[in-house]
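# What the coordinates show
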Amino acid sequence: MIKAILIFNNHGKPRLSKFYEHYTEDTEQQIIRETFHLVSKRDENVCNFLEGGMLIGGSDYKLIYRHYATLYFVFCVDSSESELGILDLIQVFVETLDKCFENVCELDLIFHVDKVHNILAEMVMGGMVLETNMNEIITQVDAQNKMEKSEVTSVLA
Amino acid sequence: MPAVSKGDGMRGLAVFISDIRNCKSKEAEVKRINKELANIRSKFKGDKALDGYSKKKYVCKLLFIFLLGHDIDFGHMEAVNLLSSNKYTEKQIGYLFISVLVNSNSDLIRLINNGIKNDLASRNPTFMNLALHCIAFASEIPRILVAGDTMDSVKQSAALCLLRLNRTSPDLVPMGEWTARVVHLLNDQHLGVVTAATSLITTLAQKSPDDFKTSISLAVARLSRIVTSASIDLQDYTYYFVAAPWLSVKLLRLLQCYPPPEDAALRSRLTECLETILNKAQEPPKSKKVQHSNAKNAVLFEAISLIIHHDSEPTLLVRACNQLGQFLQHRETNLRYLALESMCTLASSEFSHEAVKTHIETVINALKTERDVSVRQRAVDLLYAMCDRSNAKQIVAEMLSYLETADYSIREEIVLKVAILAEKYAVDYTWYVDTILNLIRIAGDYVSEEVWYRVIQIVINRDDVQGYAAKTVFEALQAPACHENLVKVGGYILGEFGNLIAGDSRSSPLVQFNLLHSKFHLCSVPTRALLLSAYIKFINLFPEVKATIQEVLRSDSQLRNADVELQQRAVEYLRLSCIASTDILATVLEEMPPFPERESSILAKLKRKKGPGNLPDIDDARRNVNGNTEHSEKTETTNKVTLVRTASAYLLNLNSTPTAGASLLVDVFSDSSTLASVEVSDENFPRFVCKNNGVIFENQLLQIGLKSEYRQNLGRMYVFYGNKTSTQFLSFSSSVTCNDTLKNHILSTSSVDPIIEGGAQVQQILNIECVSDFTDAPVLNVQFRYGGTLQNIAVKLPVMLNKFFQPTEMTSQDFFQRWKQLGAPQQEVQKIFKAKHPMDTEVTKAKILGFGVALLDRVDPNPENFVGAGVIHSKNTQVGCLLRLEPNTQAQMYRLTLRTSRDSVSQRLCDLLSEQF
């Protein structure tokens, strides 16, 4: 299963953190820092997998990450997940964000944390992959937005 | 249209975030956040009731602040309020806050549960979905999952919700009638539902495989439809020209929970699928995009792990290996990494081990040239897994040379691996000694205690290498700077075997001593203690340096050392060397006895380090065939005594070692007050191998008779003591002692009257349990006074391994199938011996039956031969045994063959039975 999903920028500032197992807030922050240190020192053309840091379970867990422009997308998973599969999932996640936000950039993630969480919730639930079909995800997100809009207008009316 | 329009939503939130981003310093940021927190707090506490929108806004702000790493200790209540709102947007934010911030131990969980319950009960699918995402309630969910009218997306969520529940608290969701219907979700129209259901079933199947066996055929069918389909009918689940890669991966994972399907048609269909996947890898890519190859390879790797898991189709295994071989040289680092990892598991399959070995050059090259430490680490693992006797020297040499430049994080592991391989595959132990000394030289800091303990164990146990070891450590110690571990090994080995090189004037006793002592002041306390022990050993080995060493021991820095251990050793050794005669010294300081063979402590350490699952098991049967049987790792884990004691206690061998036989006798008399030597009577012992009743001991005074019965691993023995005289026996007592290696346990012994009248007989009952297989028999000690003299009798009780046999009937076909399965050389014990009694078929039959096995008629093609089968029951295990007895009447010889799954059992049974004919 997926243990945690972290997004942070090149300077290690967290942009999204979702843990599917409970940690104390302090530990969560430490995990983000540790993961950043592990991931950021790696060159561009090395592989996308590495063993997890000590805080998140050491060699039983793998960090699978992708680096897009200013952001790192890191998934921490156990041995029951396919490495390449998760790599694809990150790609789907980013492409979905891109479609939802039109050319997604770091700012979108900052100002719409809730939306990003909602999109992620359409893909991953309780640490398990829920949906991988981009169109399906976008349909659901659209439906959410429609509902949101209708409520907003009904309040105004 | 963008799905999320910028601009609308909460302005206050956007302003706040911009503010924070504009902060120039950390301090300014903290200040701004504190201000906002104060603001929110006052708003929440204020008298004015907040409308949903502001609550939502503030909770969002809190969420953002939390992300930045600040503690949030309020706002939970507001979030719970939002949760129970009827508006979707508010509800959504409420759920979001709760799932990010609240853990399951919070006091609020009751309130939250309430909200979730309400949502689950509602007919609104969106609300239901939100609630399922947040996850809490059990008994409802299976119903939602399998109900016909539930929407697809709700089903999907429900499946995963159930999965999550099953992980966190399995007792919440009772298995029931729904399980059977879950399996049928694999046939669902909607691929999203199938994916979610597959995850659920995989987890459930791991827990109770039998309940979900039906999923195999459905999964294979589904997989075959995906793999062979022309990718049109898969709705939108085609990802960069690959048909439903996620689902394929999940299905292949599910199949890894089970052995290969037994049904031939199903099996061939699965094989066909796997072949198709392997074939597709050879086709030219349909897209240049990296996503295409990624998705394709994700499925491919999963297929390969399934092939490895099944480990039954040699052709597929070899194809998989070749495919991985291609990947080893792929330009994608990710693929090289995964190929190395998969090959590691492939190396342990006997079909593909040889095929894996052909890639050794590539792997070594990867170790040398790969830029990524993760990949290099995998290369080390693979080299370790593919190592066998034929390539051990090359692999160990490569690992040693890599060690000099290896990353610090993985050095210790490489050291352990080198040490294990060097020991395991050493033909020539001088090579082993060289390797370990090299290891200490290159990476001394990473050489743990276990490694150097082990080298000493091996040197002590093998005479042929002792001289060489002494010479080599002596040379290694010449280096101006050497690692402390080398000093330890050097001190120990020279202390034991320094005499072997003392003939050479360049390594005369004095030179050896001075060399060791030159390192003394640089070492830590434990090493110094070891060196002191080495010195006293020198006094015994070389009387000519006695004065020099006494001088050293007498110096204030030793006799008055601040460390109490060093001081004590110095004082004791000095006194010992002064007062003891040469003979006593020679006895006390005798060469160390060989160490009992036990599991290599290094291997135990590596297992601890890696966790049991992650270490490729290189000690399976295949390896044992060509591996070093002397170091078979099958020793009981309880024997894993780490050798900490070797350094101090063992080195000074003050207690002379008791011989094995003596300890038995000592045990016999441990309870008795007399020290008269009494032989343990065992002359009647062999007679009881094939029967349970009879007289085990008789002299002029006493007769001891036995009657015993056994069932599975338990037994009961009635012992009858008959007084043959006309006077009474006084203070009669009896006890049973077991040698402590004896693992069958006498559970209880009933008490006996201390007086036996003349001519009378008394009975005693022993309850016996067989804990694990054993060789020695317990001893019955009897003591009584007859006419004023104390009588001591010790009798070996006929409790033998074969007593715990349960006969097994089987057909000829079954017999030979099992016979073949037990084909490993160490499982079979054979003995050819001369007949001691007339060769009578009926008598032989009776004996074999009495031995405890079932006699199988018409199994052996030769009717003269006898074939039997049975199972030995012990508390820990059951050991199946097959035996075959071939008489040769002309030569008056027998050939007895025993095959069992445990070598010690085969040997013991063969010894017992061969004495009977």
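Not measured: the values here are computed from a predicted model.

About the cut-offs
Residues numbered from 1 in each chain as written. Chains lettered and ligands numbered in written order. Predicted model: local features only at pLDDT ≥ 70, side-chain atom pairs only at ≥ 80, totals over all residues. Heavy atoms only, no water. Helix = DSSP H or I, 4+ residues; strand = E, 2+ residues; numbered from the N terminus. Buried < 20%, exposed > 50% of the residue type's maximum accessible area, 1.4 Å probe, protein only. Contact = heavy atoms within 4.5 Å. Areas by Shrake-Rupley, 256 points an atom, 1.4 Å probe, with all protein chains shown as cover. Axes fitted to C-alpha atoms, helices over the stretch in contact; angles between N-to-C directions. Left-handed = near helix turned anticlockwise from the far one by under 90°. Nonpolar A, V, L, I, M, F, W, Y, C, P; charged D, E, K, R; others polar. Pairing = 2+ DSSP bridges. Buried area = accessible area lost by both parts, 1.4 Å probe. Salt bridge = Lys/Arg side-chain N within 4 Å of Asp/Glu carboxyl O. Polar contact = N/O pair within 3.5 Å; in protein donor to acceptor, adjacent residues only side chain to side chain. Phe/Tyr/Trp six-rings, centres within 6.5 Å; stacked < 30°, edge-to-face > 60°. Lys NZ or Arg CZ within 6 Å of the ring centre and 35° of its normal. pLDDT = per-residue confidence, 0-100.

## Digging into the overall build of chain A
A count of helical and extended segments in chain A gives five helices and seven strands. Its helices and strands taken in sequence order, chain A reads β-β-α-β-β-β-α-α-α-β-β-α from the N to the C terminus. Within chain A, the fraction of its 157 residues that count as buried is 64%. Partitioning the contacts of chain A with sequence separation of at least 6, the portion at a separation of at least 24 is 48%. For chain A, the exposed area adds up to about 5,800 Å²; of that, 53% sits on carbon and sulfur atoms.

## Quick notes on the packing of helix α2 (residues 83–101) of chain A against helix α15 (residues 290–310) of chain B
One can describe the packing of α2 of chain A onto α15 of chain B by two numbers: an axis separation of 8 Å at closest approach and a directional angle of 145°. Handedness of the crossing formed by α2 of chain A with α15 of chain B: left-handed. For the pair formed by α2 of chain A and α15 of chain B, the contact residues are Leu-84, Gly-85, Leu-87, Asp-88, Gln-91 and Glu-95 of chain A on the first element and Gln-291, Asn-294, Ala-295, Asn-297, Ala-298 and Phe-301 of chain B on the second. For the contact of α2 of chain A with α15 of chain B, the residue count by class is five nonpolar, five polar and two charged.

## Structural notes on the sheet that holds strand β7 (residues 730–737) of chain B
Residue and element names in this part refer to chain B. Ordered in space as β3-β11-β10-β7, the four strands form an open sheet in which the pairing is mixed. The outermost strands of the open sheet, each flanked by one partner alone, are β3 (680–681) and β7. Note that strand β10 (residues 779–786) and strand β11 (residues 789–796) share eight bridges and pair antiparallel. Bridging across to β11, Val-782 finds its partner in Ile-793.

## Considerations on the pairing of strand β4 (residues 694–698) of chain B
Residues and elements named next belong to chain B. Examined bridge by bridge, β4 and strand β5 (residues 702–711) share four bridges and lie antiparallel to one another. Along β5, the bridge assignment pairs Gly-694 with Leu-706. Hairpin geometry of β4 and β5 is characterised by an intervening segment of three residues between the two adjacent antiparallel strands.

## Some words on the interface of chain B and chain A
Opposite the 73 residues of chain B that make contact, chain A presents 77 residues. Summed over both sides, the interface between chain B and chain A buries roughly 6,500 Å², with carbon and sulfur atoms accounting for 53% of that surface. For the pair chain B and chain A, the number of links is five salt bridges. A salt bridge links Asp-43 of chain A to Arg-371 of chain B, with the shortest nitrogen-to-oxygen separation between them at 2.9 Å. Scanning the region where chain B abuts chain A turns up eleven residue pairs in polar contact (both at pLDDT 80 or more). Among the elements that make up the side of chain B that touches chain A, the one with the highest residue count is helix α9 (residues 152–168) of chain B (eight residues).

## Some points on the pattern of salt bridges
Scanning the entire structure with this criterion turns up 32 salt bridges over all chains. The salt bridge involving Arg-42 of chain A is made with Asp-372 of chain B; its shortest N-O contact spans 2.9 Å. Taken together, the residues Arg-42 of chain A in the loop between α1 (25–40) and β3 (49–51) and Asp-372 of chain B in the loop between α19 (360–369) and α20 (373–386) connect one chain to another. Taking the relative accessible area as the measure of exposure, Asp-372 of chain B reaches 3% and is therefore buried. Salt-bridge contacts for Arg-378 of chain B lead to Asp-381 of chain B; the nearest nitrogen and oxygen are separated by 2.9 Å. Of this pair, Arg-378 of chain B and Asp-381 of chain B both sit in helix α20, three residues apart, roughly one helical turn.

## Some thoughts on the pairing of strand β5 (residues 71–77) of chain A
All names here are of chain A. Among the seven residues of β5, seven are classified as buried, and the element is accordingly described as predominantly covered. With burial as the criterion, each face of β5 is covered, one bearing Leu-71, Phe-73, Phe-75 and Val-77 and the other bearing Tyr-72, Val-74 and Cys-76. Sheet topology note: the strand β1 (residues 2–9)/β5 ladder contains seven bridges and is antiparallel. Within the sheet, the bridge partner assigned to Ile-5 lies in β5 and is Phe-75. Looking at chain direction, strand β4 (residues 62–68) and β5 are connected through seven bridges and run antiparallel. The residue of β5 that forms the bridge with Leu-63 is Cys-76. Adjacent in sequence and paired antiparallel, β4 and β5 are bridged by two residues, among which Ala-69 carries a positive phi angle near 40°.

## Topic: the packing of aromatic side chains
Aromatic ring pairs are defined here through the distance separating the ring centres and the angle between the ring planes. According to the stated counting rule, one finds 23 aromatic pairs over all chains in the structure shown. Measuring from centroid to centroid gives 5.2 Å for Phe-49 of chain A and Tyr-337 of chain B, while their planes differ by 50°, and the two rings are tilted. With Phe-49 of chain A in strand β3 and Tyr-337 of chain B in helix α17 (residues 333–346), this pair bridges two chains. Judged on exposure class, the residue Phe-49 of chain A and its partner Tyr-337 of chain B are both buried. Taken together, the aromatic side chains of Tyr-721, Phe-729, Phe-732, Phe-784 and Tyr-786 of chain B make up a single cluster linked through ring pairs. Residue placement shows Lys-3 of chain A over the ring face of Tyr-61 of chain A; its charged tip is 3.9 Å from the ring centre. Stacked on the ring of Phe-688 of chain B, the Lys or Arg Lys-691 of chain B has its end atom at 5.9 Å from the ring centre.

## Quick word on the sheet that holds β1 of chain A
Residue and element names in this part refer to chain A. Read across the sheet, five strands follow the order β2-β1-β5-β4-β3 without closing on themselves; strand pairing throughout is antiparallel. Both edges of this open sheet fall to β2 (14–19) and β3, since each of them pairs with a single strand only. This sheet shows a mean twist of 20° between the axes of neighbouring strands, independent of strand direction.

## Let's talk about the confidence of the model for chain A
Do not read the predicted coordinates in detail wherever pLDDT is low. For chain A, the mean per-residue pLDDT works out to 84, and 94% of the residues sit at or above 70. Across chain A, the element-wise mean pLDDT spans from 75 in helix α5 (residues 134–156) of chain A up to 92 in β5 of chain A.

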